[in-house]
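Tertiary structure, described
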Amino acid sequence: MTEDILTVSHLKKHFVIGYTGQFKERKPITVKAVDGASFSIQEGETLGLVGESGSGKSTVAYITIGMYLPTSGNIRFREHELFQGNGKRPRHLQKEIQIVYQDPGSSLNPRQNIKQILEMPLRIHKPAKNQLEQIVYLLEIVGLPPEFMYKYPRMLSGGEKQIVSIARALSTEPSLVILDEPTSALDVSVQAKTINLLLELQKEFKLSYLFITHDLSLMRNVSTRVAIMYLGKICEVAETADFFRNPLHPYTQMLLSSIPVVTKEEEELKPKKVVSTGEIPSPVNVPPGCSFHTRCPFVMDICKQVDPVMAEAGPNHSVRCHLFPQPALAGSKSP
Amino acid sequence: MMNGAKPLLTIKDLTVHYSVYGGRLQVLDGVNFTMYPGEKVGLVGETGCGKTTTMKAILRVLPSPPASIPQGEIFFEGQNVMQMSEDVLMQMRGQGISMIFQDPTAALNPVFSIGEQFEAVIKYSAPPGMILTRQEIHQRALSSLQEVALADPDRLLRSYPIQLSGGMRQRVCIGMALATNPKLLIADEPGTSLDVTIQDQVLRLLRRLVEEHNTSVILITHTLGIVRETTNRVYVMYAGSMVETAPTEKLFAQPMHPYTQGLISTVPRLTGGGVASGIPGRIPDYRNPPSGCRFHPRCPHVMDICRKEKPPAFQINTEHAVACFLYNKDHSANDEKETRLL
């Protein structure tokens, strides 16, 4: 059994977006972006975090990277608690966790050339005399020629920009890289190249990935384990092969049955019984009980009142649903 | 398909250039396209290959300048679109062809209520001489909204786009596009901006309505899975020209053009097996497109002739045509203008 590199437990992030009432009745209106998510990433693996827009995937990423402080809950990176004391993260921990953003067009400074973009993290985390050599090396490991140094982001295609973002993330020699939908803005043929690069880099530098996406077919091919997120909570975690062979949570089945596929073999993998209905509710008014009960085809009375907890449904397969036996003590059992 | 029926829409050698600072972008390079009534045709290709430009040319909504059309003809129901007067053109846009756009948020005007926008569509697309009362217009808007499975259409007509979710907005757009009972519906990436579960709902709705209304559809997308599940024939487009057309099942079972083969192999599969390596290189610079076949710098099977000549369409059988010199030996180029697919 390998060590966990990142353990997220009961993570909550509520954003206050306004207030209702006046004076003593004044109450904040909160968006429950992340509402008690727990999962862990093992050393060297790729954990796929899948969910619809508004499910809180990106918020989890931003908390992990340190952009937001969580409302409650904590994250453990190896032996360090990430949110202790005043929440200011020591530099050696900043260096270990890096991120690649979704839109390469807006995550690179248009006024800086590639050299300047790659220089900044190097200057902070690895000050050295041979900075130019380091930059050439960085470009080399992502397969770009050195003359790219003097180009500006606008001169690059979407795929190349994303590759520069990857080089920037790798510049501090991190051990965990968060990939926030790294290919959703790219064409399929460019996506394939980028993904293959990411997989090669993972092998070469022994990286762990938190791979956030909404594309389940991509997930099938890159991740070791998959976690499904719905309205700020994780509803199913399983090993990839097992997950696609035997999806348990009704939401997972709905997601799988919605994927457009290109071959007959894939068609047979899709669950037929669950047809997509309804829309994801607003995270301001999260339904009581299980948050999925408004769209669930197997909804029972208990679902509307009691929120299920994560339960082991098989080896390395946990699911949060009343259809499966709940642990006797409805307490804090993390996957 | 080849049963002697008159084609609904034909495009012949359409060429579109954009004049920009620093040269002319030769965006469309002889597009040929034929579709028959009742067909559901998919149009696939990478970003920037000219899919949307082609569709805008059909509706004659290309901004000119910068766009210019040096050559090419478009026929809709036998009428030459390029020579239509503004009146006839408006009629074609009203009753002949409707369009659904990729981003429903941008397609709806944020300062008018859904009802005002819906009623304007119905009012201005009525055939000439037919004047509808406000009551009738309202009734039609209501029934269209009911058709796209939206609850409480009365309240919806009074609400503004910002009050609706993305999926609801796209349903409204579909309702508007079909309210006038068009003969041809152009759907430009109708699900791309939506979540996968909502996309599935919207596409199922679209498929059902199109079946009920017996509308012909051109579905533009770069998601091959959607094409496979929705259409019965596919055109593959690369860098400004059509490179292959075939019935959907055949194209997925036996793609012939190297570009189509590359495109299909790069789609990640639910069955696993890793991600294919993709197609090397990228879409060419339209100021200086490659000579001959525009795909030759990226093609794994490139030959000498590919660098010199643009490949004509080789007819594999009555339904399958490929523009690639690999099929030069076994199949003769089809010169008969009438039955040409590519």
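Residues numbered from 1 in each chain as written. Chains lettered and ligands numbered in written order. Predicted model: local features only at pLDDT ≥ 70, side-chain atom pairs only at ≥ 80, totals over all residues.

Of the regular secondary structure elements, chain B holds 12 helices and 12 strands. Counting only residues that meet the buried cut, chain B has 46% of its 342 residues in that class. Look at the contacts in chain B between residues 6 or more apart in sequence, and 64% of them connect residues 24 or more apart. (Helix = DSSP H or I, 4+ residues; strand = E, 2+ residues; numbered from the N terminus. Buried ≥ 20, exposed ≤ 12 C-beta atoms within 10 Å, placed from the backbone. Contact = placed C-beta atoms within 7 Å.)

On to the overall build of chain A, then. A count of helical and extended segments in chain A gives 11 helices and 12 strands. Its C-alpha radius of gyration of 21 Å places chain A within 12% of the 20 Å reference for a compact globule of 335 residues. C-alpha extents for chain A along the principal axes are approximately 65 × 60 × 40 Å. Here chain A holds 335 residues, and the buried ones make up 45% of them. Counted over contacts in chain A with a minimum sequence separation of 6, partners at least 24 positions apart contribute 63%. (Rg over C-alpha atoms; globule rule 2.2 N^0.38 Å.)

Below, the discussion takes up the interface of chain A and chain B. Counting from both sides, the interface comprises 30 residues of chain A and, opposite them, 36 residues of chain B. Within the residue set of the side of chain A that touches chain B, elements represented by two or more residues are helix 7 (188-205), helix 8 (216-222), helix 10 (250-258) and helix 11 (264-269) of chain A. For the side of chain A that touches chain B, the element with the most residues is helix 7 of chain A, which contributes 7 residues. Residues that form the side of chain A that touches chain B fall into these classes: 13 nonpolar, 10 polar and 7 charged. (Nonpolar A, V, L, I, M, F, W, Y, C, P; charged D, E, K, R; others polar.)

Each strand in a sheet pairs with its neighbour through backbone hydrogen bonds, running either in the same direction (parallel) or in the opposite one (antiparallel). Residues and elements named next belong to chain B. Spatially, 4 strands are ordered 2-1-4-5 in an open sheet, and the strand pairing comes out antiparallel. Two strands in the sheet have a free side with no partner beyond their single neighbour: strand 2 (23-35) and strand 5 (79-80). Strands strand 1 (9-20), strand 2 and strand 4 (67-76) of the sheet are contacted by helix 1 (residues 51-59), whose axis makes an angle of about 70° with strand 2. (Pairing = 2+ DSSP bridges. Axes fitted to C-alpha atoms, helices over the stretch in contact; angles between N-to-C directions.)

Attention now moves to the pairing of strand 1 (residues 4-20) of chain A. Residue and element names in this part refer to chain A. For strand 1 and strand 2 (residues 27-42), the ladder comprises 13 bridges, and the chain directions are antiparallel. Within the sheet, the bridge partner assigned to F15 lies in strand 2 and is V31. What sits between strand 1 and strand 2 in their antiparallel hairpin is a turn of 6 residues, with G21 showing a positive phi close to 70°. Relative to strand 4 (residues 72-77), strand 1 runs antiparallel, the two being bridged by 5 bridges. In the sheet register, L6 faces strand 4, and the bridge partner there is F77.

What follows concerns unusual backbone geometry. All names here are of chain A. The backbone of R78 shows a phi angle near 50°, a positive value even though the residue is not glycine. Phi at E181 is positive, roughly 45°, even though this residue is not glycine. Within the fold, E181 resides in the loop between strand 7 (176-180) and helix 7. Its 20 C-beta neighbours within 10 Å are what place E181 among the buried residues.

Moving on, we get to the sheet that holds strand 12 (residues 320-322) of chain B. Residues and elements named next belong to chain B. An order of 6-7-8-3-9-10-12-11 is seen for the 8 strands of this open sheet, with the pairing classed as mixed. Two strands close off the open sheet at either side, each with one partner strand: strand 6 (97-100) and strand 11 (314-317). For this sheet the average axis-to-axis angle between neighbouring strands, irrespective of direction, equals 20°. With 4 bridges joining them, strand 6 and strand 7 (residues 184-188) adopt parallel strand pairing. Across the sheet, the residue bridging to M99 is I186, located in strand 7. Strands in contact with helix 7 (residues 166-179) are strand 6 and strand 7; relative to strand 6, the strand with the most contacts, it is inclined by about 175°.

In this section: the pairing of strand 11 (residues 311-314) of chain A. Successive side chains on a regular strand alternate, one facing one side of the sheet and the next facing the other. Residue and element names in this part refer to chain A. Two elements, strand 11 and strand 12 (residues 317-319), share 3 bridges in a ladder whose sense is antiparallel. Note that in strand 12 the partner of G314 across the bridge is H317. From the end of strand 11 to the start of strand 12, which pair antiparallel, there are 2 residues, and N316 there has a positive phi angle of about 55°.

What follows covers the packing of helix 4 (residues 114-125) of chain A against helix 6 (residues 158-170) of chain A. Residues and elements named next belong to chain A. Two elements in contact, helix 4 and helix 6, have axes whose closest approach is 8 Å; the angle formed by their N-to-C orientations is 25°. When the interaxial angle is binned, helix 4 and helix 6 end up roughly parallel. As for the relative orientation of helix 4 and helix 6, their crossing is right-handed in sense. In contact with I114, I117, L118 and P121 of helix 4, helix 6 contributes V164, A167 and R168. (Parallel < 35°, antiparallel > 145°, perpendicular 65-115°, else oblique. Left-handed = near helix turned anticlockwise from the far one by under 90°.)

All right, on to the confidence of the model for chain B then. Per-residue confidence for chain B gives a mean pLDDT of 85; residues scoring 70 or more make up 95%. Taken together, the chains of this predicted complex give a pTM of 0.83 and an interface ipTM of 0.80. (pLDDT = per-residue confidence, 0-100.)

What follows is about the environment of A:L47. Residue and element names in this part refer to chain A. Following the sequence through the fold, L47 ends up in strand 3 (residues 46-50). We classify L47 as buried; it has 22 C-beta atoms within 10 Å. Considered as a pair, L47 and I212 are 165 residues apart in the sequence and their alpha carbons are 8.3 Å apart.

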